[in-house]
Amino acid sequence: MFRHRFRRPLKADTLLSELNRLTTQALERTELHRARLELAEVLQREMLPGCLPEVPGLRAAARYAPARSGLDIGGDWYDAFRLPDGSLAFSVGDVQGHDVEAAAFMGQIRIGLRAVAAFTTDPGEVLSRTNDLLMSMDCGLFATCSFLRFDPATGEVLTARAGHVPTVWAAVDGRGGIIEDEGGVPLGVVAGASFPVTCHRLPAQGVIVMVTDGVLEGPAFPIESGLQQVLAIARAGAGSDPDVLAARIIEVAELTGHTDDAAVLVLGAS
């Protein structure tokens, strides 16, 4: 004969004690995760510029939005600063990852770009030297980036891309397009990488729009569709104030149902 062994049922107070222990652990993990997210968002917002430089003939505006779900804060940025020769530099980018480490790495890239740009105003050279600097740090992260130099004396715009989404332009007469210039690999991936430079001109009555993929892409919304949405808004609002236009463009991120943070930088002729 086989005898069946029955496990003695746990007492109610034992079950309640175990449930309380598991609940406490879950709450502690939730609080820790929330604290990391809050820290990442504070780090990012504090490292973004409080104001953007302007020169005669150019106005600039920017927007940043955290991830819709609140779970993917960290790596997107925009930046603008004056160069030694009197021109202005603008950059947008996106760091791999969505946490405190990504936010901190974003700050390092911004500092690196500014430091390198103090010695060379060529966008391709700026990206190349910054890339080598990041490779020497061996941190394991990488970032996409677009770097733009605006010369107020000529209205000339020089751009270079490191694996980043294209830039959009539009004029008040209805013209506009997506600047599909040649780019290089993301920063922090390949040592000695080069980044081609493309020359453009800011439309006399128009805008140039730089974004991160958090604006363009969602769970069921491809980047190409997002770019077309941004282009349509830029064409319709090319003559409006850049701050108003930037606010309209960042709303595309809500349309896409973005799960990433998002940044927008608008340069408008004045």
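Note that the coordinates shown come from a computational prediction; the quantities given were computed from them, not determined experimentally.

**Student:** What am I meant to see in the sheet that holds strand β5 (residues 156–162) here?
**Tutor:** Backbone hydrogen bonds hold the strands of a sheet together, and the pairing may be parallel or antiparallel. Sheet architecture is open: five strands sit in the order β2-β3-β4-β5-β8, paired in antiparallel fashion. With partners counted over all chains shown, the strands left at the sheet margins are β2 (76–82) and β8 (198–201), one partner each. Between one strand axis and the next, the sheet turns by 20° as a mean value, whatever way the strands run. The sheet contact formed by strand β4 (residues 143–151) and β5 spans six bridges and is antiparallel.

**Student:** Looking at this structure, I do not really get the nonpolar core. What am I missing?
**Tutor:** Grouped together as the largest cluster of nonpolar side chains are 45 residues, with contacts concentrated most on Trp 77, Phe 90, Ile 109 and Leu 127. With 24 residues, the next largest nonpolar core counts Val 209, Val 211, Ala 238 and Leu 245 among its residues.

**Student:** What exactly am I supposed to notice about the side chain of Ser 128 here?
**Tutor:** On the secondary structure map, Ser 128 appears in helix α3 (residues 123–137). Excluding anything up to four places from it in sequence, Ser 128 contacts Ala 193 and Phe 195.

**Student:** Would you mind showing me how to read the environment of Arg 175 here?
**Tutor:** Looking at the element boundaries, Arg 175 is found in the loop between β6 (167–171) and β7 (176–179). Taking the C-alpha atoms as reference, Arg 175 lies 9.7 Å from Ala 238; in sequence the two are 63 residues apart. Those residues in contact with Arg 175, other than ones at most four positions away along the chain, are Trp 169, Ala 170 and Arg 235. Among the polar contacts listed, one links the side chain of Arg 175 to the side chain of Asp 173, at a separation of 2.8 Å.

**Student:** Help me out: how do you make sense of helix α6 (residues 242–250) in this one?
**Tutor:** Along α6, the residues that are buried comprise Pro 242, Leu 245, Ala 246, Ile 249 and Ile 250. Across the axial projection of α6, the buried residues extend over an arc of 135°, all falling on one side. In this structure Asp 241 caps α6, since a side-chain oxygen of it lies 2.7 Å from the backbone nitrogen of Asp 243.

**Student:** How should the environment of Asp 132 be read in this particular structure?
**Tutor:** Considering the arrangement of structural elements, one finds Asp 132 in helix α3. Exposure remark for Asp 132: the relative accessible area of 36% places this residue in the partly exposed category. Residues Asp 132 and Gly 188, spaced 56 residues apart in sequence, show a C-alpha to C-alpha distance of 7.4 Å. Leaving out residues up to four positions away in the same chain, Asp 132 has contacts with Ala 191 and Gly 192. At a separation of 3.1 Å, a polar atom in the side chain of Asp 132 contacts the main-chain amide nitrogen of Gly 192.

**Student:** Help me understand the pattern of salt bridges, please; the structure alone is not making it clear to me.
**Tutor:** Here the idea is simple: oppositely charged side chains can pair when their charged atoms come close. Applying the stated criterion across every chain yields a total of eight salt bridges. Between Arg 114 and Asp 79 there is a salt bridge whose closest N-O contact spans 2.8 Å. Of this pair, Arg 114 sits in helix α2 (residues 100–117) while Asp 79 sits in strand β2, and the two are 35 residues apart along the sequence. We classify Arg 114 as partly exposed; its relative accessible area is 33%. We note a salt bridge from Arg 129 to Glu 125, for which the minimum N-O separation is 2.9 Å. Of this pair, Arg 129 and Glu 125 both sit in helix α3, separated by four residues, roughly a single helical turn. The class for Glu 125 is partly exposed, based on a relative accessible area of 31%. Several salt bridges share partner residues, and in doing so they unite Asp 79, Arg 110 and Arg 114 into one network.

**Student:** Would you mind showing me how to read the sheet that holds strand β10 (residues 262–269) here?
**Tutor:** Spatially, five strands are ordered β1-β10-β9-β6-β7 in an open sheet, and the strand pairing comes out antiparallel. Lying at the two open borders of the sheet, with one neighbouring strand each, are β1 (58–65) and β7. Between one strand axis and the next, the sheet turns through 15° on average, direction left out of account. Pairing analysis gives four bridges linking β6 to β7, with the strands arranged antiparallel. Paired with Val 168 across the two strands is Ile 178, which belongs to β7.

**Student:** How should the packing of helix α5 (residues 223–236) against α6 be read in this particular structure?
**Tutor:** Each pair of packed helices can be summarised by the angle the axes make with each other and by the distance between the axes. Put simply, α5 and α6 touch, their axes get as near as 10 Å, and they point 155° apart. Relative to α6, the element α5 is oriented roughly antiparallel. Helix-helix and strand crossings are classified by hand; for α5 and α6 the assignment is right-handed. Residues Val 230, Ile 233 and Ala 234 of α5 pack against Leu 245, Arg 248 and Ile 249 of α6. Among the residues forming the contact of α5 with α6, the class breakdown is five nonpolar, no polar and one charged.

About the cut-offs
- Residues numbered from 1 in each chain as written.
- Predicted model: local features only at pLDDT ≥ 70, side-chain atom pairs only at ≥ 80, totals over all residues.
- Heavy atoms only, no water.
- Pairing = 2+ DSSP bridges.
- Helix = DSSP H or I, 4+ residues; strand = E, 2+ residues; numbered from the N terminus.
- Axes fitted to C-alpha atoms, helices over the stretch in contact; angles between N-to-C directions.
- Core = buried A, V, L, I, M, F, W, Y, C linked by side-chain atoms within 4.5 Å.
- Buried < 20%, exposed > 50% of the residue type's maximum accessible area, 1.4 Å probe, protein only.
- Contact = heavy atoms within 4.5 Å.
- Polar contact = N/O pair within 3.5 Å; in protein donor to acceptor, adjacent residues only side chain to side chain.
- Arc of directions from axis to C-beta.
- Salt bridge = Lys/Arg side-chain N within 4 Å of Asp/Glu carboxyl O.
- Parallel < 35°, antiparallel > 145°, perpendicular 65-115°, else oblique.
- Left-handed = near helix turned anticlockwise from the far one by under 90°.
- Nonpolar A, V, L, I, M, F, W, Y, C, P; charged D, E, K, R; others polar.

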